[in-house]
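Architecture at a glance
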Amino acid sequence: MYNLECLQSNQGNRSPMTTRQLRMAFFLRGALVAFLLFLCVPARSAEILTDDGQTFRGKILEEDAASVLMEIEDGVEVRINKSEITYLQREEGGGKPAVSDYPLLGLTFGAPAVFNGVAGYYWPGFGVKVSLGYWVEFWGAQADLSKTLVQNRSFQLDLSLVGGHAEGQGNVVSHTNWSYYGLGLDANVGDLGLELDVVTGDKANTLAFPFQVGYVHRFD
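Here goes a summary of the coordinates provided. (Residues numbered from 1 in each chain as written. Predicted model: local features only at pLDDT ≥ 70, side-chain atom pairs only at ≥ 80, totals over all residues. Heavy atoms only, no water.)

**Description of the overall build of the protein chain**
Keep this limit in mind: We count a stretch as a helix when DSSP gives it H or I for four or more residues in a row; a strand needs E for two or more, and each element gets its number in order from the N terminus. Partly exposed describes any residue whose relative accessible area lies between the buried limit of under 20% and the exposed limit of over 50%, with all areas from a 1.4 Å probe on protein chains only and scaled to the type maximum. Contacts are assigned to residue pairs with any non-hydrogen atoms lying within 4.5 Å of each other. Every accessible area reported is derived by Shrake-Rupley at a probe size of 1.4 Å, with residue values counting cover from the shown protein chains alone.
Along the protein chain, the regular secondary structure elements total 1 helix and 13 strands. When the helices and strands of the protein chain are listed from N to C terminus, the series reads α-β-β-β-β-β-β-β-β-β-β-β-β-β. Going through the 220 residues of the protein chain one by one, you find that 36% of them count as buried. Across the protein chain, contacts joining residues at least 24 apart in sequence account for 43% of those joining residues at least 6 apart. Only carbon and sulfur atoms are counted for the fraction: they give 61% of the accessible area of the protein chain, which is about 12500 Å².

Rendered as structure tokens:
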């Protein structure tokens, strides 16, 4: 009887926690699906000027490192090699010239481990970034998969899926040996990088708001 009562008591204590965890997992799973769909949305309209003086206006259907597939008038599809493109303007981005592929490097203060080295690579519309840090008795690592919302040569704003691990005593997210995942919003103004995330993880009933701020240079 004593063991049964203890078991029932423990189950009663765990139920609200489990419910909250399931709700958070459901929310983040839905956010993940929405983010991946958003990541796959192509640019609505663009204008391309080629080396031989031709101008193409329409919708970009596909884009990779070598070429751009564009739908122009009457549903005609044209594939243009990037080596032949003199100028590409994405009209849905406020009429500003698109930024080409570029890497970034920086040093930041904040999660995952107080002082972090940051490295990443961005393509038109999306990018990846990794933050690694070590400080005295703890270390951390975080990865960002980003969808670019605004991108020009002076400002960039991204919505990101983030995941990381922090291990040791006293780290920024206030947990030890903690793996986490969630959503983040990061901005780059000149060489100033700012990021704020909303994450949960393998610690029960945990919701944290890790951040980063520091020098992040885009080689664009």
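**Description of the pairing of strand β6 (residues 102-110)**
Where we set the bar: Here, a strand pair is defined by DSSP locating no fewer than two bridges between the strands.
The alternating pattern of β6 places Tyr-102, Leu-104, Gly-106, Thr-108 and Gly-110 on a buried face, while none of Pro-103, Leu-105, Leu-107 and Phe-109, on the opposite face, is buried. Once β6 ends, the chain turns through 3 residues before running back antiparallel as strand β7 (residues 114-123). Pairing analysis gives 7 bridges linking β6 to strand β13 (residues 211-218), with the strands arranged antiparallel. Its bridge partner being in β13, Leu-104 is matched across the sheet by Arg-218.

**With respect to the packing of aromatic side chains**
Spelled out, the test is: Two rings from Phe, Tyr or Trp (for Trp, the six-membered ring) form a pair when their centres are within 6.5 Å of each other. A pair whose planes differ by under 30 degrees is stacked, one over 60 is edge-to-face, and the rest are tilted.
Taken as a whole, this structure holds 6 aromatic pairs when the rule is applied. An angle of 10° between the planes, with centres 5.8 Å apart, marks the rings of Tyr-102 and Tyr-122 as stacked. Pair noted here: Tyr-102 is in strand β6 and Tyr-122 is in strand β7, with a separation of 20 residues, a long-range link. With centroids separated by 5.3 Å and ring planes inclined at 20°, the aromatic side chains of Trp-123 and Phe-126 adopt a geometry described as stacked. Taking the relative accessible area as the measure of exposure, Trp-123 reaches 28% and is therefore partly exposed. The rings of Phe-109, Phe-115 and Phe-211 are connected pair by pair, giving a single aromatic cluster.

**Regarding the pairing of strand β11 (residues 178-189)**
Bridging between strand β10 (residues 155-167) and β11 involves 12 bridges; their strand directions are antiparallel. Residue pairing in the sheet places Gly-164 in a bridge with Tyr-180 of β11. With 10 bridges connecting them, β11 and strand β12 (residues 192-201) associate as antiparallel partners. Residue pairing across strands places Leu-185 opposite Leu-196, the latter belonging to β12. What sits between the antiparallel neighbours β11 and β12 is a turn of 2 residues, in which Gly-190 has the positive phi angle 65°.

Nothing here speaks to function; it is all geometry.
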